[in-house]
Amino acid sequence: DRDWSSDVCSSDLRLVIEITERGVPDNMGVEALNRSAELGIRLALDDVGTGGANVIVLSRCNVEMIKLDRQLVSQLSPGEPLPSGLEAIASLLKTKKLEVVAEGVESADQAEALKNVGVRLAQGYYFSRPLSADAFKAFFAQRCLASLV
(Lines give C-alpha, C1' and ligand atoms only; values in the text may rest on other atoms or scores of the structure.)
Protein backbone atom coordinates (compact mmCIF):
# COMPACT_ATOMS: atom_id res chain seq x y z
CA ASP A 1 0.00 0.00 0.00
CA ARG A 2 1.34 3.41 -1.00
CA ASP A 3 2.31 5.91 1.71
CA TRP A 4 -0.44 8.54 1.33
CA SER A 5 1.33 11.05 3.59
CA SER A 6 3.55 12.09 0.69
CA ASP A 7 0.41 13.23 -1.14
CA VAL A 8 -0.80 15.72 1.45
CA CYS A 9 -0.15 19.43 1.30
CA SER A 10 1.84 19.84 4.49
CA SER A 11 5.19 18.26 5.21
CA ASP A 12 4.83 19.33 8.85
CA LEU A 13 2.67 16.39 9.88
CA ARG A 14 4.10 14.91 13.08
CA LEU A 15 3.02 12.39 15.66
CA VAL A 16 1.33 13.87 18.72
CA ILE A 17 1.12 11.91 21.96
CA GLU A 18 -1.84 12.92 24.11
CA ILE A 19 -1.45 12.59 27.85
CA THR A 20 -3.75 13.30 30.77
CA GLU A 21 -2.79 14.14 34.32
CA ARG A 22 -3.45 10.53 35.30
CA GLY A 23 -1.34 9.37 32.35
CA VAL A 24 1.83 11.23 33.35
CA PRO A 25 4.39 8.57 34.27
CA ASP A 26 7.11 8.58 36.90
CA ASN A 27 10.24 10.73 36.49
CA MET A 28 11.91 8.23 34.14
CA GLY A 29 8.82 8.21 31.89
CA VAL A 30 8.60 11.99 31.94
CA GLU A 31 12.23 12.18 30.86
CA ALA A 32 11.49 9.83 27.95
CA LEU A 33 8.44 11.87 26.94
CA ASN A 34 10.45 15.07 27.08
CA ARG A 35 13.15 13.55 24.82
CA SER A 36 10.48 12.60 22.29
CA ALA A 37 10.80 16.05 20.69
CA GLU A 38 14.17 14.91 19.31
CA LEU A 39 12.19 12.40 17.23
CA GLY A 40 9.69 14.99 16.05
CA ILE A 41 7.01 13.78 18.48
CA ARG A 42 4.89 16.45 20.14
CA LEU A 43 3.10 16.26 23.49
CA ALA A 44 -0.49 17.34 24.02
CA LEU A 45 -2.25 17.68 27.37
CA ASP A 46 -5.75 16.26 26.97
CA ASP A 47 -8.98 16.91 28.92
CA VAL A 48 -8.15 20.52 29.82
CA GLY A 49 -11.15 22.21 31.39
CA THR A 50 -12.50 19.18 33.23
CA GLY A 51 -10.28 19.40 36.28
CA GLY A 52 -8.21 16.46 35.05
CA ALA A 53 -5.28 18.53 33.82
CA ASN A 54 -3.25 21.03 35.78
CA VAL A 55 -0.20 23.23 35.91
CA ILE A 56 1.92 20.46 37.46
CA VAL A 57 1.60 18.43 34.26
CA LEU A 58 2.50 21.51 32.21
CA SER A 59 5.58 22.04 34.36
CA ARG A 60 6.78 18.38 34.28
CA CYS A 61 6.37 17.69 30.58
CA ASN A 62 7.37 19.65 27.49
CA VAL A 63 3.76 20.10 26.42
CA GLU A 64 3.31 22.02 23.16
CA MET A 65 -0.44 21.67 22.87
CA ILE A 66 -3.48 21.57 25.11
CA LYS A 67 -6.79 20.03 24.14
CA LEU A 68 -9.94 21.65 25.50
CA ASP A 69 -12.39 19.00 26.60
CA ARG A 70 -15.73 18.87 24.79
CA GLN A 71 -17.55 19.49 28.09
CA LEU A 72 -16.06 22.98 28.18
CA VAL A 73 -16.75 23.59 24.48
CA SER A 74 -20.37 22.46 24.86
CA GLN A 75 -21.00 25.35 27.28
CA LEU A 76 -20.46 27.91 24.53
CA SER A 77 -23.60 29.73 23.40
CA PRO A 78 -24.03 32.69 21.07
CA GLY A 79 -24.41 35.96 22.94
CA GLU A 80 -23.58 34.38 26.31
CA PRO A 81 -20.48 35.12 28.40
CA LEU A 82 -17.63 32.66 28.05
CA PRO A 83 -17.41 29.90 30.66
CA SER A 84 -14.84 30.83 33.32
CA GLY A 85 -12.62 27.89 32.34
CA LEU A 86 -12.38 29.15 28.77
CA GLU A 87 -11.63 32.69 29.94
CA ALA A 88 -8.75 31.34 32.04
CA ILE A 89 -7.42 29.34 29.12
CA ALA A 90 -7.67 32.40 26.85
CA SER A 91 -5.54 34.29 29.36
CA LEU A 92 -3.04 31.43 29.40
CA LEU A 93 -2.80 31.65 25.62
CA LYS A 94 -1.62 35.23 25.91
CA THR A 95 1.27 34.29 28.21
CA LYS A 96 2.36 30.85 26.95
CA LYS A 97 3.28 29.59 23.51
CA LEU A 98 0.87 26.66 23.46
CA GLU A 99 -1.27 25.42 20.63
CA VAL A 100 -4.85 24.90 21.71
CA VAL A 101 -7.24 22.39 20.13
CA ALA A 102 -10.93 22.49 21.00
CA GLU A 103 -12.57 19.06 21.06
CA GLY A 104 -16.23 18.37 20.41
CA VAL A 105 -17.06 21.41 18.29
CA GLU A 106 -20.56 20.78 16.95
CA SER A 107 -21.72 24.16 15.61
CA ALA A 108 -20.57 27.23 13.71
CA ASP A 109 -21.38 29.33 16.81
CA GLN A 110 -18.96 27.29 18.92
CA ALA A 111 -16.27 27.50 16.24
CA GLU A 112 -16.72 31.28 16.02
CA ALA A 113 -16.65 31.78 19.82
CA LEU A 114 -13.42 29.77 20.03
CA LYS A 115 -11.88 31.74 17.18
CA ASN A 116 -12.78 34.99 18.96
CA VAL A 117 -10.68 34.00 22.00
CA GLY A 118 -7.71 32.88 19.92
CA VAL A 119 -8.37 29.15 19.59
CA ARG A 120 -7.52 28.35 15.98
CA LEU A 121 -7.57 24.54 15.96
CA ALA A 122 -10.68 22.44 16.52
CA GLN A 123 -12.13 19.02 15.96
CA GLY A 124 -15.66 17.69 16.17
CA TYR A 125 -18.80 16.74 14.28
CA TYR A 126 -19.14 20.28 12.93
CA PHE A 127 -16.16 19.49 10.69
CA SER A 128 -16.65 15.76 10.10
CA ARG A 129 -18.02 12.57 11.60
CA PRO A 130 -15.46 9.84 12.33
CA LEU A 131 -14.02 8.39 9.10
CA SER A 132 -12.40 5.16 8.02
CA ALA A 133 -8.78 5.39 6.89
CA ASP A 134 -9.78 5.35 3.20
CA ALA A 135 -12.53 7.94 3.70
CA PHE A 136 -10.07 10.14 5.62
CA LYS A 137 -7.57 10.01 2.75
CA ALA A 138 -10.24 11.21 0.32
CA PHE A 139 -11.58 13.84 2.74
CA PHE A 140 -8.11 15.23 3.49
CA ALA A 141 -7.02 15.26 -0.14
CA GLN A 142 -10.23 17.07 -1.14
CA ARG A 143 -9.79 19.71 1.59
CA CYS A 144 -6.11 20.13 0.80
CA LEU A 145 -6.72 20.60 -2.91
CA ALA A 146 -9.61 23.00 -2.26
CA SER A 147 -7.33 25.17 -0.12
CA LEU A 148 -4.91 25.54 -3.04
CA VAL A 149 -7.56 26.82 -5.47
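Refer to the structure presented above.
Residues numbered from 1 in each chain as written. Predicted model: local features only at pLDDT ≥ 70, side-chain atom pairs only at ≥ 80, totals over all residues. Heavy atoms only, no water.

Trainee: How should the nonpolar core be read in this particular structure?
Mentor: Most often, soluble globular proteins have nonpolar side chains that are buried together. The biggest cluster of nonpolar side chains holds 25 residues, and the ones touching the most others in it are Leu 45, Cys 61, Ile 66, Leu 68 and Leu 114. When contributions to this core are tallied by element, the ones reaching two or more residues are α1 (27-35), β2 (42-48), α2 (55-60), β3 (65-68), α3 (70-73), α4 (84-95), β4 (99-102) and α5 (108-116). Ranked by the residues each element gives to this core, the list is headed by β2, at 3 residues. If sequence neighbours within four positions are ignored, Cys 61 has contacts with Ile 19, Val 24, Val 30, Leu 33, Asn 34 and Leu 43. (Core = buried A, V, L, I, M, F, W, Y, C linked by side-chain atoms within 4.5 Å. Buried < 20%, exposed > 50% of the residue type's maximum accessible area, 1.4 Å probe, protein only. Helix = DSSP H or I, 4+ residues; strand = E, 2+ residues; numbered from the N terminus. Contact = heavy atoms within 4.5 Å.)

Trainee: It is not clear to me how the side chain of Glu 103 should be interpreted in this structure. Could you clarify?
Mentor: The topology assignment puts Glu 103 in the loop between β4 and α5. One polar contact links Glu 103 to Lys 67, side chain to side chain, over a distance of 3.3 Å. (Polar contact = N/O pair within 3.5 Å; in protein donor to acceptor, adjacent residues only side chain to side chain.)

Trainee: What is the right way to look at the packing of aromatic side chains in this model?
Mentor: Evaluated as defined, the whole model comprises 2 aromatic pairs. Seen in terms of ring centroids, Tyr 126 and Phe 127 are 5.0 Å apart; in terms of plane orientation they differ by 75 degrees. Their pairing is edge-to-face. Classification of Tyr 126 as partly exposed rests on a relative accessible area of 41%. We classify Phe 127 as partly exposed; its relative accessible area is 37%. Sitting above the plane of the Tyr 125 ring, Arg 129 keeps its charged end 3.8 Å from the centroid. (Phe/Tyr/Trp six-rings, centres within 6.5 Å; stacked < 30°, edge-to-face > 60°. Lys NZ or Arg CZ within 6 Å of the ring centre and 35° of its normal.)

Trainee: Teacher, can you tell me more about the pairing of β2 here?
Mentor: Each regular strand displays side chains that alternate between the two surfaces of the sheet. In terms of residue burial, β2 counts as a mostly covered element, since 7 of its 7 residues are buried. Where strand β1 (residues 16-19) and β2 come together, 4 bridges link them in parallel fashion. Bridged to Glu 18 within β2 is Ala 44. The pairing of β2 with β3 spans 3 bridges and is parallel. Bridge pairing links Ala 44 to Met 65 in β3. (Pairing = 2+ DSSP bridges.)

Trainee: Help me understand the pattern of salt bridges in this model?
Mentor: Proximity of charged atoms lets side chains of opposite charge pair with each other. By the definition in use, this model includes 6 salt bridges. Here Arg 35 and Glu 31 are joined by a salt bridge, their closest N and O atoms 3.2 Å apart. Separated by 4 residues within a single helix, Arg 35 and Glu 31 lie in helix α1, roughly one turn from each other. The exposure class of Arg 35 is partly exposed, given its relative accessible area of 43%. With its nearest N and O atoms 3.8 Å apart, the salt bridge here joins Lys 137 to Asp 134. Taken together, the residues Lys 137 and Asp 134, both in helix α6 (residues 133-148) and 3 residues apart, mark about one turn of the helix. Taken together, the salt bridges that share partners define one network made up of Glu 18, Lys 67 and Glu 103. (Salt bridge = Lys/Arg side-chain N within 4 Å of Asp/Glu carboxyl O.)

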